[in-house]
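# Observations on the model geometry
If you want the building blocks of each chain, they are given just below.
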Amino acid sequence: MKQVLLILTLASTHAMAQLSWDNRQLDFHPTLNDTNVVARFTYKNMGTTVVNIKDVKVSCGCMAPTFDKKALGPGENGVMTANFNIGQRTGFQQSHFYVQTDDPQGPVTQLTMRMYLPELVKITPSFVYWQVGETNAPKTMNVEVVYASPINLLSVDTTNDRVFPKLVTIKPGKSYQIVVTPESTVQAASARIKIRSDFPKDRPRSFSARADIKALGGKEFTAQERTPRRSRATAPKKDGGT
Amino acid sequence: MRHWFQQEVARQGAWLCALALAPALLAGWLHPQKASWDPNALREGEVLLGTVRGWPAAVLWVDGRSRKEYDRGHLPEALLLNEDEWEELLDAVLDGWSPGQPVVVYCDDRQCQASRHVAERLRATGVAPVYILKGGWQALEREVAQGNGVGQDHRS
């Protein structure tokens, strides 16, 4: 058995990639005020020959990582930097990087960046609709505070004075409902509903929802409309595809 | 002596293979991102382009990539919706969608997660059904290059 373990150790040493990464997975917990997350993956050439980084692919298309050094001599270090723009993302986000080198022992390394972005409320559904002619029965949106601190919802406004949203408090700071009633469903209409909160104190946030009365007719998928129509893609520009 | 050595090498080689096989089989069976043997195998919520082409109803195409990629080339009927500009872009998608109309989100390629995020958020608003196009934009480009229709224009 000792011999087996010895061979196994030798085999695994031989199979070890030259490029060694300090961390293959980095976790981030940005705050509400952060607009981006910067990940730095450090690596070192543990081998005896030069290793070249040939390419990197990203799973989300939202980042373009950079390397401070792509050709590493024995013992040299480098850093791959990835800048993630939070944009209007919330909740858990995960991106993978696939780093390709000319090292035959470890041609591709997968790196992972995990982000737990702050999320304040969940509105389900955030879009309610009626069809033209449908009875104008009220529809309910549930608003749950998913942030660690309580968030009080103060009021709701609508951009359409024929659609009436009403804020109902279920549990202050934690759970609310917005009950939406259209004046009528005789004609198509759309309303954006703005929900004002008291959080954070310095710059209170608002949240959006929408209520529509959807037109019938062209969107009924009649027999003619069911006939497949041919469509074309726009040609990619000559400077490269996606 | 030589015979004994050969036997010993074979025996230990078999041990090594057996030792390597167990974790490999486990990873192949349990890994959350395991590769599929079938190129047409679908993950949850995915749909093949061929399937979409066979649907009788008009489809609302949503391009889940960045604005930069969208500007380089997209389906003419596709609406841009990404998480960089979610609030600004969502209204146009809700305007264009009709109750019951299938929504198909496409992204970069098989490894792109943006379309999955966009589809999940779109479903959470209350829009249904929402699908993710397997193969993404690359699948659409291939179809177009082959001269096939890729979908039905929802803007009838």
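What this report covers is the structure whose coordinates are included nearby. Please read these numbers as outputs of a predicted model, since none were measured by experiment. (Residues numbered from 1 in each chain as written. Chains lettered and ligands numbered in written order. Predicted model: local features only at pLDDT ≥ 70, side-chain atom pairs only at ≥ 80, totals over all residues. Heavy atoms only, no water.)

## Observations regarding the overall build of chain A
Check the secondary structure of chain A and you find two helices and 17 strands. Here the analysis covers contacts within chain A between residues at least 6 apart in sequence; of these, 62% occur between residues at least 24 apart. If you sum the accessible surface of chain A, you get close to 13,400 Å²; carbon and sulfur atoms cover 53% of it. (Helix = DSSP H or I, 4+ residues; strand = E, 2+ residues; numbered from the N terminus. Contact = heavy atoms within 4.5 Å. Areas by Shrake-Rupley, 256 points an atom, 1.4 Å probe, with all protein chains shown as cover.)

## Some thoughts on the overall build of chain B
Secondary structure assignment for chain B yields six helices and five strands. Written out in order from the N terminus, the α and β elements of chain B read α-β-α-β-α-β-α-β-α-β-α. Counting all 156 residues of chain B, 48% fall into the buried class. Within chain B, residue pairs in contact and separated by at least 24 positions form 69% of the contacts whose partners lie at least 6 positions apart. Split by element, the accessible area of chain B, about 8,000 Å² in all, is 59% carbon and sulfur. (Buried < 20%, exposed > 50% of the residue type's maximum accessible area, 1.4 Å probe, protein only.)

## A few points about the pattern of salt bridges
Under the counting rule described, the total for this entry stands at 20 salt bridges over all chains. For the salt bridge of Arg 89 of chain A with Asp 84 of chain B, the shortest nitrogen-to-oxygen distance reads 2.7 Å. Here Arg 89 of chain A, found in the loop between β7 (77-85) and β8 (91-101), pairs with Asp 84 of chain B, found in the loop between β3 (79-80) and α4 (86-96), and the two come from separate chains. Relative accessible area serves as the criterion here: at 10%, Arg 89 of chain A is assigned to the buried category. On the accessibility criterion, Asp 84 of chain B (27% relative accessible area) is partly exposed. Three or more residues joined by partner-sharing salt bridges are found here, namely Arg 192, Arg 210, Asp 212 and Lys 214 of chain A together with Glu 87, Asp 91 and Asp 95 of chain B. (Salt bridge = Lys/Arg side-chain N within 4 Å of Asp/Glu carboxyl O.)

## Section: the side chain of Asp 103 of chain A
All names here are of chain A. Relative to the elements of secondary structure, Asp 103 occurs in the loop between β8 and β9 (108-117). Within the buried set, Asp 103 has no salt-bridge partner at all; the shortest N-O distance to an opposite charge, 8.8 Å, is to Arg 24. One polar contact links the side chain of Asp 103 to the main-chain amide nitrogen of Gln 18, over a distance of 2.6 Å. Apart from residues no more than four positions distant in its own chain, Asp 103 is found in contact with Ala 17, Gln 18, Leu 19 and Val 51. (Lys, Arg positive; Asp, Glu negative; His and termini not counted. Polar contact = N/O pair within 3.5 Å; in protein donor to acceptor, adjacent residues only side chain to side chain.)

## Re the packing of aromatic side chains
Residue and element names in this part refer to chain A. Applying the stated criterion to the full structure yields eleven aromatic pairs over all chains. Through a chain of ring-to-ring contacts, three or more aromatic side chains come together here, namely Trp 21, Tyr 43 and Phe 67. In this structure, Lys 139 packs its charged tip against the face of Tyr 129, placed 5.8 Å from the ring centre. (Phe/Tyr/Trp six-rings, centres within 6.5 Å; stacked < 30°, edge-to-face > 60°. Lys NZ or Arg CZ within 6 Å of the ring centre and 35° of its normal.)

## Focus on the sheet that holds strand β3 (residues 36-45) of chain A
All names here are of chain A. The strand order β1-β3-β7-β5 describes an open sheet built from four strands, whose pairing is antiparallel. The open sheet has two edge strands, β1 (19-21) and β5 (66-67), and neither has a second partner. In this sheet, β3 lies alongside β1 in antiparallel orientation, the contact comprising three bridges. If you follow Leu 19 over to β3, its bridge partner there is Asn 45. (Pairing = 2+ DSSP bridges.)

## Considering the environment of Asp 22 of chain A
All names here are of chain A. Along the polypeptide, Asp 22 turns up in the loop between β1 and β2 (25-28). Spatially, the C-alpha atom of Asp 22 lies 14 Å from that of Thr 81, the residues being 59 residues apart in sequence. Within the structure, Asp 22 has its side chain in polar contact with the side chain of Thr 42 (distance 2.5 Å).

## Some words on the packing of α4 of chain B against helix α5 (residues 114-125) of chain B
What describes two packed helices is the angle between their axes and the distance between those same axes. All names here are of chain B. Relative to each other, α4 and α5 sit at 65 degrees, their axes nearing to 13 Å. Between α4 and α5 the crossing geometry is right-handed. Between α4 and α5, the residues in contact are Trp 86, Leu 90 and Val 93 and Val 118, Arg 121, Leu 122 and Thr 125, respectively. A class-by-class count of the residues in the contact of α4 with α5 yields five nonpolar, one polar and one charged. (Axes fitted to C-alpha atoms, helices over the stretch in contact; angles between N-to-C directions. Left-handed = near helix turned anticlockwise from the far one by under 90°. Nonpolar A, V, L, I, M, F, W, Y, C, P; charged D, E, K, R; others polar.)

## What about the nonpolar core?
All names here are of chain A. By size, the foremost hydrophobic cluster in this structure holds 26 residues, and its most contacted members are Trp 21, Met 80, Phe 97 and Met 113. Secondary structure elements with two or more residues in this core: β1, β2, β3, β4 (51-58), β7, β8 and β9. Look past the residues within four positions of Met 80 in its chain and what remains in contact with it is Trp 21, Ala 39, Arg 40, Phe 41, Tyr 43, Val 56, Pro 65, Thr 66, Phe 67, Phe 97, Val 99 and Leu 111. (Core = buried A, V, L, I, M, F, W, Y, C linked by side-chain atoms within 4.5 Å.)

## Topic: the pairing of β3 of chain A
Every other side chain in a regular strand lies on the same face of the sheet, so the side chains alternate between the two faces. Residue and element names in this part refer to chain A. The two faces of β3 differ: Val 37, Ala 39, Phe 41, Tyr 43 and Asn 45 on one face are buried, but Asn 36, Val 38, Arg 40, Thr 42 and Lys 44 on the other face are not. Across nine bridges, β3 lies against β7 in antiparallel orientation. Bridge pairing in β7 links Val 38 to Asn 83.

## A few points about the sheet that holds β3 of chain B
All names here are of chain B. Spatially, five strands are ordered β1-β5-β4-β2-β3 in an open sheet, and the strand pairing comes out parallel. Because the sheet does not close on itself, it has two edges, and the strands there are β1 (46-47) and β3. Bridge count for strand β2 (residues 60-63) against β3 is two bridges, and the pairing is parallel. When the bridges of β3 are listed, Asp 63 appears paired with Leu 80. Helix-sheet contacts for α5 involve β1, β2, β4 (103-106) and β5 (130-133), and the interaxial angle to β5 is about 175 degrees.

## Concerning a nonpolar patch on the surface
Residue and element names in this part refer to chain B. A cluster of nonpolar side chains, namely Trp 4, Phe 5 and Val 9, defines an oily patch on the protein surface of about 330 Å² accessible area. Along the chain, the position of Val 9 falls in helix α1 (residues 2-30). Overall, Val 9 belongs to the partly exposed group, its relative accessible area being 47%. (Patch = residues over 30% accessible without salt bridge, like charges linked within 9 Å, V, L, I, M, F, W, Y side chains within 5 Å.)

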